[in-house]
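# Survey of secondary and tertiary structure
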Amino acid sequence: MREKILVVDDDEKITSMLRRSLAFEGYTVQTAPNGLEGLKQLLQGDFDLMILDVMMPQVDGWEVCRRVREGGSDVPILMLTAKDEVADRVKGLDLGADDYLVKPFALEELLARVRSLLRRRSERAGDSGNRLSFEDVILDLDAREVIRGGRRLELTTKEFDLLHLFMQNPKRVLSRDVIMEKIWGYDFSGESNVLEVYIALLRQKLEEGGAKRIIQTVRGTGYVLRGD
């Protein structure tokens, strides 16, 4: 079955280019010229991925992302932004976006990120119903819930995937390259700090209320899940 992608962007040239390119890759593509229409189409259709521009009139991409997540949808969201500021990237990730791409972008990179997000979604759908636990953290793969000390954590899709990887490999040091490959499925540029942003966001949620740190930094190598 062909995967279905919704492109939400008020730039007709970009939506036209993405429609042709994604269709050529074998995807079914729908487009929306603004945030309100994008939300309407998302509610009416069963999409596997949303490509969402940030800067749009009336309802911007951040607000669309917020409403999508508050509505309970876990559709992967790839945000397109003309800004490369850390604060903007963090804002999108914190609202529930799974990835971001700065304009202007190379089409090959966008297609790689689309493939990665769709692959992760497919892998999650194939998970069997079980739980992983580490100390006072319980990760329920079937319900896609995380509980720490009896408190339910509200994690984004990518934060959940990152914690899942750590809990599959407790006390094992995972290099930055390994984590990037497992979670994103391709290499970011060496200067990208997207992993560090996600680690910080995940730690903030895990450590809320004074809980001890369990994702440790191994300087010069990567990260490890352990209780010390």
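Model, not experiment: these values are computed from the prediction. (Residues numbered from 1 in each chain as written. Predicted model: local features only at pLDDT ≥ 70, side-chain atom pairs only at ≥ 80, totals over all residues. Heavy atoms only, no water.)

## Concerning helix 2 (residues 35-44)
The α-helix advances 3.6 residues per turn, and as a result positions three or four apart in sequence lie on the same side. Taken together, the buried positions of helix 2 are Gly35, Gly38, Leu39, Gln41 and Leu42. Seen end-on, helix 2 carries its buried residues on one side only, within an arc spanning 165°. Opposite its buried face, helix 2 presents the exposed residues Leu43 and Gln44, each directed more than 90 degrees away. (Buried < 20%, exposed > 50% of the residue type's maximum accessible area, 1.4 Å probe, protein only. Helix = DSSP H or I, 4+ residues; strand = E, 2+ residues; numbered from the N terminus. Arc of directions from axis to C-beta.)

## Description of the sheet that holds strand 11 (residues 215-218)
Spatial strand order, 10-12-11: three strands in an open sheet with antiparallel pairing. Two strands close off the open sheet at either side, each with one partner strand: strand 10 (174-175) and strand 11. The sheet contacts of helix 6 (residues 157-168) involve strand 10, strand 11 and strand 12 (222-225), and relative to strand 12 the element is tilted by about 70°. (Pairing = 2+ DSSP bridges. Contact = heavy atoms within 4.5 Å. Axes fitted to C-alpha atoms, helices over the stretch in contact; angles between N-to-C directions.)

## Things to note about empty space enclosed by the protein
Rolled over the atoms, a probe with the dimensions of a water molecule shows which regions are left empty. Applying the stated criterion across every chain, the model contains one cavity of 30 Å³ or more. The calculated volume of the largest cavity comes to roughly 80 Å³. Lining of the largest cavity is provided by Val54, Trp62, Met79, Thr81, Asp88, Arg89, Gly92, Leu93, Ala97 and Tyr100. Among the elements of the structure, strand 4 (77-81) and helix 4 (86-94) are those that each provide at least two residues to the lining of the largest cavity. (1 Å grid on protein atoms, 1.4 Å probe; cavity = no way out; pocket = protein on both sides within 12 Å on 5 of 7 lines; lining within 4 Å. Points joined across faces, edges and corners; volume = space filled by probe spheres on them.)

## Observations regarding the packing of aromatic side chains
All chains considered together, the criterion is met by zero aromatic pairs. The ring of Phe47 has Lys4 sitting right over it, with the charged end atom 4.9 Å from the ring centre. Seen from the ring of Trp62, Lys91 lies directly overhead, with NZ or CZ sitting 4.1 Å from the centre. (Phe/Tyr/Trp six-rings, centres within 6.5 Å; stacked < 30°, edge-to-face > 60°. Lys NZ or Arg CZ within 6 Å of the ring centre and 35° of its normal.)

## Concerning the sheet that holds strand 1 (residues 4-8)
Spatial ordering of the open sheet is given by 2-1-3-4-5, a layout of five strands whose pairing is parallel. Of all the strands in the sheet, just strand 2 (28-32) and strand 5 (99-102) have a single pairing partner and so form its edges. Ignoring which end each strand starts from, the neighbouring axes of this sheet average 20° apart.

## Re the packing of helix 2 against helix 3 (residues 61-70)
Each packed pair of helices is defined by two parameters, the angle between the axes and the distance between the axes. Where helix 2 contacts helix 3, the axes come no closer than 10 Å and their chain directions differ by 25°. Between helix 2 and helix 3, the crossing angle belongs to the class labelled roughly parallel. Relative to helix 3, the crossing made by helix 2 is right-handed. For the pair helix 2 and helix 3, the contacting residues are Gly35, Leu36, Leu39 and Leu42 in the first and Val64, Arg67 and Val68 in the second. Looking at side-chain class alone, the contact of helix 2 with helix 3 contains five nonpolar, one polar and one charged residues. (Parallel < 35°, antiparallel > 145°, perpendicular 65-115°, else oblique. Left-handed = near helix turned anticlockwise from the far one by under 90°. Nonpolar A, V, L, I, M, F, W, Y, C, P; charged D, E, K, R; others polar.)

## So, the environment of Gly209
On the secondary structure map, Gly209 appears in the loop between helix 8 (194-206) and strand 11. According to the relative accessible area criterion, Gly209 is exposed, its value standing at 83%.

## Points about unusual backbone geometry
Going from Lys103 to Pro104, the amide bond is cis rather than trans, its omega being -5°. If you trace the backbone, Pro104 turns up in the loop between strand 5 and helix 5 (107-125).

## Digging into the layout of surface pockets
Considered as a void within the structure, the largest pocket measures approximately 480 Å³ in volume. Secondary structure elements with two or more residues in the lining of the largest pocket: strand 8 (145-148), strand 9 (151-153) and helix 6. Per-class residue counts for the lining of the largest pocket are six nonpolar, five polar and eight charged.

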